[in-house]
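Structure at a glance
Okay, here's what each chain looks like letter by letter:
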Amino acid sequence: MKKLINDPAKTVDEGVAGFAAAHSDLVRVVIDPPFVVVRADAPVAGKVGLVSGGGSGHEPLHAGFVGHGMLDAAVPGAMFTSPTPDPILEATKQVDAGAGVLHIVKNYTGDVLNFETAADLALAEGIEVQSVIVDDDVAVKDSLYTAGRRGVAGTMLVEKLAGAAAERGDSLDRVAEIARTVNSQVRSMGLALAPCTVPHAGEPSFELGEDEVEIGIGIHGEPGRARIALEPADRLVDRLIEPILEDLPFAKDDRVVLLVNGMGGTPMSELYIVFRRAAEVLAERGIDLARSLVGSYVTSLEMQGVSITLLKVDDDLLDLYDAPVHTAALRWGR
Amino acid sequence: MSGLDGAWTRRWIEAVVAEIATRKSELTALDRAIGDGDHGENLDRGFQAVLGKLDALDDAPTPGAVLKLVATTLISTVGGAAGPLYGTAFLKAAMAAGDRPELDATGLVEVLTAARDGIVARGKAEPNDKTMVDAWSPAVEAAGAAGDDVRAVLEAAASAAAEGAIATEPLVAHKGRASYLGERAIGHRDPGAESTALILRVAADTR
């Protein structure tokens, strides 16, 4: 294992400390209980508070999305491990301005259980909390016999659009409804060329042969639909985008946001090769590419891989996408 | 010994802390095969925190007081799925133990049953879903049939949990991250069932 770390046990602590130092204009960091990254001006009077969180290792998700127009707080857990209820409760209290708080939770057993517990505790303290579970990963076929579809890169779009709705003053019910609508209209699928190594584990999270690709990978290295031999990028893009298009399904004349997301160890140049083919497929199907986003936003440490996300939008959702945002990892219009 | 008192409960938890520290790599290796490779580390972090808080207890705590301390500490330190699940188990066990100074065989069975029921309610797993329920459920059944000797109840629960953990190996998982593996989970033991077996084995071996 070769990493830019000092001590495997301190990777999250030192990373959060660095984030706080770099972005003190945007956030403040609560260290007890560890850790809560809070928007610098929270609680914002009259505004619904948005809290998300989950295991660390997916940066810039979620702390990188704390700021104007997106999240009010992020709760980073240990590496690939859900945070405990204490910091989630603390985050909820820090951002509650009396208009209620929305929890945005990726669909993993640990995240769901810890956020549920925190929401119960918050309700006991008189804070109105609603929760939205994000499960955009089409790679998981059979939700009946699994923990259900996973929350992956589509999560950042839920956070962006719900964040914009909260910023313009929508009620908790309305912000939650928008978050659920976005989740119901967003689909993602990813692949990995090489695994990642969790620092304290010291060994790769899974084995992948030199010429093998895992199609449908999860953001913690969970297996997907199939392990196949490496192919040209265009063919691999087709293997990701076709199941996405079929799933919603996306149809001719639909307007979409296309997110091509790097998993942490993939160069931008390759992400654009992926984007090129994905846009080509959309054009072939008569689907209107309304907005594009390319970058490493929902990562899996240094995993080499990519995910494709499509969100179907209407005028209102597109307005929310375009609304000003000012966070460490996403900034436009402001 | 007639019943299990607070001092015994504390010795048991201290022995669990030591055993998890010894076997955390093994638990993590099981988790790496079908989960996300952190079960041993997460439990170790939680139980080390428990160890640091045991001295804050009264000189003669009840079993329920020790169990409650374990519950709140695990909930606030472990994270993942194991934190809320074990935390709930110990919390329900503490509530079942109540203020009793000692647990006899009947009381112990009530405590074990409450722990299992708490895990089932929180995680919504059923038997044969390849989860810790597959160790807890046979343990509770065996404990209930073991008679009125508290030692025999502990031994029955520990043995049944160990067999239950082994019996998860041929199963396909229906809960948690292992469920995404489908048939690829076959042949691997569930880490939560194994840590359950560990905790109950240490209980049977604690004098």
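The structure under discussion appears in the preceding block.
Take the sheet that holds strand S15 (residues 331–332) of chain A next. Residue and element names in this part refer to chain A. Read across the sheet, three strands follow the order S4-S14-S15 without closing on themselves; strand pairing throughout is antiparallel. Two strands bound the open sheet, and with one partner strand each, they are strand S4 (67–68) and S15. Note: strand S14 (residues 325–327) against S15, two bridges, orientation antiparallel. Its bridge partner lying in S15, His326 is registered against Arg331.

What follows is about the interface of chain A and chain B. Each partner contributes residues to the interface: chain A has 26 residues there, and chain B has 25 residues. Of all elements in the fold, only strand S5 (73–79), helix H2 (85–95) and helix H3 (109–124) of chain A reach the threshold of two or more residues within the side of chain A that touches chain B. Taken together, the residues of the side of chain A that touches chain B sort by class into 11 nonpolar, 13 polar and two charged.

If you look at the biggest cluster of nonpolar residues, it comprises 178 residues, and the most contacted ones within it are Ala73 and Ala162 of chain A together with Ala157 of chain B. Beyond its immediate sequence surroundings of up to four residues, Ala162 of chain A is in contact with Leu50, Leu102, Ile104, Val175, Ile178, Ala179 and Val182 of chain A. One finds Leu171, Ala173, Ala178 and Ala185 of chain B within the second-largest nonpolar core, a separate group that totals five residues.

Residues and elements named next belong to chain A. Here H2 crosses H3 at 50 degrees, and the two axes come no closer than 8 Å. In terms of axis orientation, H2 runs oblique to H3. You can see that H2 and H3 cross each other, and the crossing is right-handed. Every residue of H3 that contacts H2 at Pro85, Ile88, Leu89 and Thr92 is listed here: Asn114, Phe115, Thr117, Ala118, Leu121 and Ala122. Counted by class, the contact of H2 with H3 contains seven nonpolar, three polar and no charged residues.

What follows is about the sheet that holds strand S8 (residues 186–194) of chain A. Residues and elements named next belong to chain A. Read across the open sheet, the six strands follow the order S10-S9-S8-S13-S11-S12; overall the sheet is mixed. The sheet terminates laterally at strand S10 (226–229) and strand S12 (288–295), the two strands that pair on one side only. The sheet shows a mean angle of 20 degrees between the axes of neighbouring strands, taken without regard to direction. In terms of strand pairing, strand S11 (residues 255–262) meets strand S13 (residues 304–312) through seven bridges, oriented antiparallel. Within S13, the residue paired with Val256 across the bridge is Lys312. In this fold helix H7 (residues 268–284) packs onto S11, S12 and S13, with an angle of close to 155 degrees to the strand it touches most, S11.

Thresholds, definitions, all that
- Residues numbered from 1 in each chain as written.
- Chains lettered and ligands numbered in written order.
- Predicted model: local features only at pLDDT ≥ 70, side-chain atom pairs only at ≥ 80, totals over all residues.
- Pairing = 2+ DSSP bridges.
- Helix = DSSP H or I, 4+ residues; strand = E, 2+ residues; numbered from the N terminus.
- Contact = placed C-beta atoms within 7 Å.
- Nonpolar A, V, L, I, M, F, W, Y, C, P; charged D, E, K, R; others polar.
- Core = buried A, V, L, I, M, F, W, Y, C linked by C-beta atoms within 7 Å.
- Buried ≥ 20, exposed ≤ 12 C-beta atoms within 10 Å, placed from the backbone.
- Axes fitted to C-alpha atoms, helices over the stretch in contact; angles between N-to-C directions.
- Parallel < 35°, antiparallel > 145°, perpendicular 65-115°, else oblique.
- Left-handed = near helix turned anticlockwise from the far one by under 90°.

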